[in-house]
Amino acid sequence: MRDFLRSVNRIVVKIGTSSLIHPNGKINFAGIDQLAFVLTDLCNQGKEIILVSSGAIGVGMDKLSIPERPQDIPIQQAVAAVGQSELMHIYNQRFLVYSQQTAQVLLTRDVVDFPESRKNVINTLEQLLSMGIVPIINENDTVAVDEMDHTRKFGDNDELSAIVAQLMDADVLIMLSDIDGFYSDNPSKNKQAVLYSTISTINQTLMEQAGGEGSRFGTGGMASKLRAAQRVLDSNSAMVLANGKPPRIIFDILAGVDVGTLFKEA
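Residues numbered from 1 in each chain as written. Predicted model: local features only at pLDDT ≥ 70, side-chain atom pairs only at ≥ 80, totals over all residues. Heavy atoms only, no water.

**Some thoughts on the pattern of salt bridges**
Under the defined criterion, the tally for this structure stands at 10 salt bridges. Salt-bridge contacts for D258 lead to R2; the nearest nitrogen and oxygen are separated by 3.2 Å. Highlighted residues: D258 in the loop between α10 (249–254) and β8 (261–263) and R2 in the segment before β1 (10–15), separated in sequence by 256 residues. Since its relative accessible area comes to 6%, R2 is described here as buried. R231 is the partner of E159 in a salt bridge, and the nearest nitrogen-oxygen pair spans 3.2 Å. Note that E159 is positioned in helix α7 (residues 157–167) and R231 in helix α9 (residues 222–234), a separation of 72 residues in sequence. Three or more residues joined by partner-sharing salt bridges are found here, namely R10, E48 and E126. (Salt bridge = Lys/Arg side-chain N within 4 Å of Asp/Glu carboxyl O. Helix = DSSP H or I, 4+ residues; strand = E, 2+ residues; numbered from the N terminus. Buried < 20%, exposed > 50% of the residue type's maximum accessible area, 1.4 Å probe, protein only.)

In structure tokens:
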């Protein structure tokens, strides 16, 4: 069932904060460098790559020496602003080692909800891809605040990555997290938890198995990944959820190796 992954061309990769930040809150430079290497190699193979990256607040917390994620919204915005700038600096530096050009694209929900704005976003991304540039997309955390305006916020970058995959008619969304795939229960608490190799339908049972939120540096939990997968399935596309440590697993995924969880209609 995974043979189709060997021939996909347009790929959206979503990297979670947990893959960019070590558990101690420091930046995972080795992981970011390997991600840049892998994505550049895929570009060199002629594939079109879009990266949806979390991590602005996590990187900002490290840069500002803030040990715990702030609860105050203006502080979160300030930390995200500092972190986004630093994150793009790191990405630019690492990608340029492999001679790969990148571009920053910050989105809010209203950009994709309005037809004219949506068209502009698609045109921009299409042009970047045609130029061989890797767009690096994140939610604009400095203005996309749920408490301010529910219509502006995606919810998290899991949903954002699925929306980008929809907008760009991507062949597959590869979602890299800190877990090997989707389990029947929390594997860190239940050693009998079963890893699903393939999921073709998302039902209430799976949503109940998804559990709660993500790490203290990020916002996405398994439930948000299932919601993203549902959006991808509704678009007749596919998504693979896998462990992003290390990012080289992307090569295995695209070789059709049975790693992670594949979400695809039967």
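Now, onward.
**Observations regarding the packing of aromatic side chains**
We describe a pair of aromatic rings using the distance from one ring centre to the other and the angle between the two ring planes. What the rule picks out here adds up to three aromatic pairs. Judged by centre distance (6.2 Å) and plane angle (50°), the ring pair of Y91 and F95 falls under tilted. One end of the pair, Y91, and the other, F95, are both in helix α4 (residues 73–97), four residues apart, so they sit about a helical turn from each other. Take Y91 and F95: they sit in the same class, and that class is buried. (Phe/Tyr/Trp six-rings, centres within 6.5 Å; stacked < 30°, edge-to-face > 60°.)

**Some points on the UniProt feature "binding site: ATP" (unreviewed entry) in the protein**
The positions that UniProt labels "binding site: ATP" (unreviewed entry) are, in the present scheme, K14, S177, D178, T219, G220, G221, M222, A223, S224 and K225. As for its placement among the helices and strands, D178 is situated in the loop between β5 (172–177) and β6 (198–199). Leave out the neighbours within four places in its chain, and D178 touches S18 and N243. A polar side-chain atom of D178 sits 3.2 Å from a polar atom in the side chain of S177. Its location among the elements puts M222 in helix α9. (UniProt positions renumbered as here; feature names shortened; annotations may be inferred. Contact = heavy atoms within 4.5 Å. Polar contact = N/O pair within 3.5 Å; in protein donor to acceptor, adjacent residues only side chain to side chain.)

**Some details on the pairing of strand β7 (residues 239–243)**
Two faces, one strand: in a regular strand the side chains alternate between the faces of the sheet. A large share of β7 lies buried, amounting to five of its five residues. Side chains M239, L241 and N243 project from β7 onto one buried face, and the interleaved V240 and A242 project onto a second face that is buried too. As defined by bridge partners, β5 adjoins β7 across five bridges and the pair is classed as parallel. Its bridge partner being in β7, L173 is matched across the sheet by M239. (Pairing = 2+ DSSP bridges.)

**Examining the UniProt feature "binding site: substrate" (unreviewed entry) in the protein**
The UniProt entry lists S54, D141 and N157 under the feature "binding site: substrate" (unreviewed entry), expressed in the numbering used here. Structurally, S54 can be placed in the loop between β2 (48–53) and α3 (56–63). Look at S54 and you get buried, because its relative accessible area is 9%. Apart from the residues lying within four places of it in its own chain, the contact partners of S54 are K14, I15, G16, T17, L20, L87 and N157. Assignment of secondary structure puts N157 in helix α7. On the basis of relative accessible area, N157 is assigned to the buried category, the value being 9%. Residues in contact with N157, not counting those within four places in the same chain, are K14, V52, S53, S54, N138 and E139. Of the polar contacts made by the side chain of N157, one reaches the side chain of S54; its length is 3.0 Å.

**Side note on the sheet that holds strand β4 (residues 134–139)**
The strand order β3-β4-β2-β1-β5-β7-β8-β6 describes an open sheet built from eight strands, whose pairing is mixed. What marks the edges here is a single partner per strand, and that holds for β3 (102–107) and β6. Here β2 runs beside β4; their pairing, made up of two bridges, is parallel. If you follow V52 over to β4, its bridge partner there is I137. Against the sheet, helix α2 (residues 29–44) contacts β1, β2 and β4, and its axis sits at roughly 155° relative to β2. (Axes fitted to C-alpha atoms, helices over the stretch in contact; angles between N-to-C directions.)

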